[in-house]
Amino acid sequence: MKTYKIAVIAGDGIGPEVVREEIKVLQAVSELDGGFRFDFTEYPWGCEYYLKTGEMMPADGLETLKNYEAILLGAAGYPGVPDHISLRDLLLRIRHDFDEYINLRPVKLLKGANCPLKDASPEDIDMVFIRENSEGEYSGQGAWLYPDTPREVVIQDGVFSRHGCERVIRYAYELARKEGKTLTSISKGNALNYSMVFWDKIFAEVGREYPDVKTYSLLVDAASMFMVKNPKRFQVVVTSNLFGDILTDLGAAIAGGMGLAAGANLNPERKFPSMFEPIHGSAPDIAGRRIANPLAAIWSASQLLDFLGYENWGRKIIAAIEELLVKGESLTPDQGGAATTDECGDALIALLKA
Ligand code: NAD
Ligand code: IPM
Ligand code: MN
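K.L.:
Residues and numbers for the site of ligand 2, please.
P.N.:
Surveying the vicinity of ligand 2 reveals the residues L87, L91, L92, R95, R105, R131, Y138 and D245. Between ligand 2 and the protein, one listed contact pairs an oxygen atom with a side-chain N or O atom of Y138 at 2.5 Å. Relative to its unbound accessible surface of 320 Å², ligand 2 loses 77% to contact with the protein. Considering every element that reaches the shell around ligand 2, the biggest residue donor is helix α4 (residues 83–97), with four residues. For the shell around ligand 2, the per-class residue count stands at four nonpolar, no polar and four charged. Summarising the domain contributions, the shell around ligand 2 has at least three residues from each of domain 1 (1–100 + 259–354) and domain 2 (115–255).

Printed below as a string of structure tokens:
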């Protein structure tokens, strides 16, 4: 039987709470299917590990992860460890070093989910963000000059390479073509006179190969306004690393909240493992209380199944999430329910089995 070796980094805060449910769902799916199985290996990396060892993961952590088909990540970052260490040395390092240059984040309002927009219905909010995930504003390059003096200067460099922009923009065009959808590029060339002018140029250049794809270009400020006022205008969206980060939290807010938002970090060439995660963080404010919503993590499991070629199962998971939301009985408090994290996960599995 086909066995998929999956590395699990549950991480910090609610990470382990939601990943536990995600693993249960994947196990249930493999049993229901009968044609494949998962072999999960958990790594205890994260902030607690850092406080014990001084590192977020061992020096050979990436070598270890290379042996897996995919990685499930819960969340990283916790009070007590500076965020720029905990995130850069684990999550961002994996995204970068494994060349997971596509961050695929669906923003899709399911029936039954809480939407703060008056009059918005599921048909109005159905988009997918393709966020550049390997460079841009997240390059980590820069300098800190004359620290702790009155002359202190910091420089944070953005890196926009032709290679990096072209590949993510091309991926988005391909997806829009395949799905017969429009493609919106979000940038900010009016103020960022190198990086975003370059981005727009590449978007137009690559677009010449896709005359069949209807495109729009928006400035990020206007785009964030339209996401609230008229989300229907977005279908496939491509944008830079930082803009994609911010806009997908906004996307989460209009599509049911952080408890429902998932993302896949893809290395499309499959030279390295891809990584699947809820887009939320460790939620220290609710950690340990068994009230975290596991559905975002479970949605990311459906993205893993898509990636492995089991799109039928990917769709079934989304359908089960929707059914659960419509029924409204086994939801966590963020969705207006009173269920615990594991009750919500169990109810979802029951729907998959039904
Ligand atoms: P967060 O996403 O952890 O929490 C924001 C708000 O959303 C909180 O009120 C939280 O309770 C709520 N929330 C998040 N996930 C939820 C869920 N599954 N169910 C119910 N409610 C949920 O963002 P933050 O508070 O800005 O960050 C906390 C820590 O997590 C920081 O250290 C941050 O750097 C880190 N972080 C990590 C990741 C990641 O690992 N992928 C992502 C974002 C933030
Ligand atoms: C996300 C997170 C990360 C990001 C942080 C934790 C570095 O916010 O996955 O959206 O900015 O990419
Ligand atoms: Mn984010």
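More follows now that the structure is in view.
K.L.:
Talk me through the pairing of strand β10 (residues 236–239); I want residue IDs and the actual numbers.
P.N.:
Taking every second residue as pointing to the same face, both faces of β10 are buried, with V236 and V238 on one and V237 and T239 on the other. In the sheet, strand β5 (residues 126–132) pairs with β10 via four bridges, with the strands oriented parallel. Along β10, the bridge assignment pairs I130 with V238. Where strand β8 (residues 183–187) lies against β10, four bridges are found, and the strand directions are parallel.

K.L.:
So, the site of ligand 1: which residues are in play, and what are the values?
P.N.:
For ligand 1, the set of nearby residues contains 22 residues, the closest of which are A76, D83, G281, A283 and D285. Here an oxygen atom of ligand 1 sits 2.7 Å away from a polar atom, N or O, in the main chain of G281. Within the complex, the protein chains bury 70% of what would otherwise be the 800 Å² of accessible surface of ligand 1. No other element matches the three residues that α4 contributes to the shell around ligand 1.

K.L.:
Give me the lowdown on a nonpolar patch on the surface, citing residues and values where you can.
P.N.:
Together, L145, Y146, V153 and I155 give the surface a local cluster of nonpolar side chains, amounting to about 310 Å² of exposed area. Tracing the chain through its elements places V153 in strand β7 (residues 153–159).

Each value, and the rule that gives it
- Residues numbered from 1 in each chain as written.
- Chains lettered and ligands numbered in written order.
- Predicted model: local features only at pLDDT ≥ 70, side-chain atom pairs only at ≥ 80, totals over all residues.
- Heavy atoms only, no water.
- Near = heavy atom within 4 Å.
- Polar contact = N/O pair within 3.5 Å; in protein donor to acceptor, adjacent residues only side chain to side chain.
- Areas by Shrake-Rupley, 256 points an atom, 1.4 Å probe, with all protein chains shown as cover.
- Helix = DSSP H or I, 4+ residues; strand = E, 2+ residues; numbered from the N terminus.
- Nonpolar A, V, L, I, M, F, W, Y, C, P; charged D, E, K, R; others polar.
- Domains from an automatic or database assignment.
- Buried < 20%, exposed > 50% of the residue type's maximum accessible area, 1.4 Å probe, protein only.
- Pairing = 2+ DSSP bridges.
- Patch = residues over 30% accessible without salt bridge, like charges linked within 9 Å, V, L, I, M, F, W, Y side chains within 5 Å.
- Salt bridge = Lys/Arg side-chain N within 4 Å of Asp/Glu carboxyl O.

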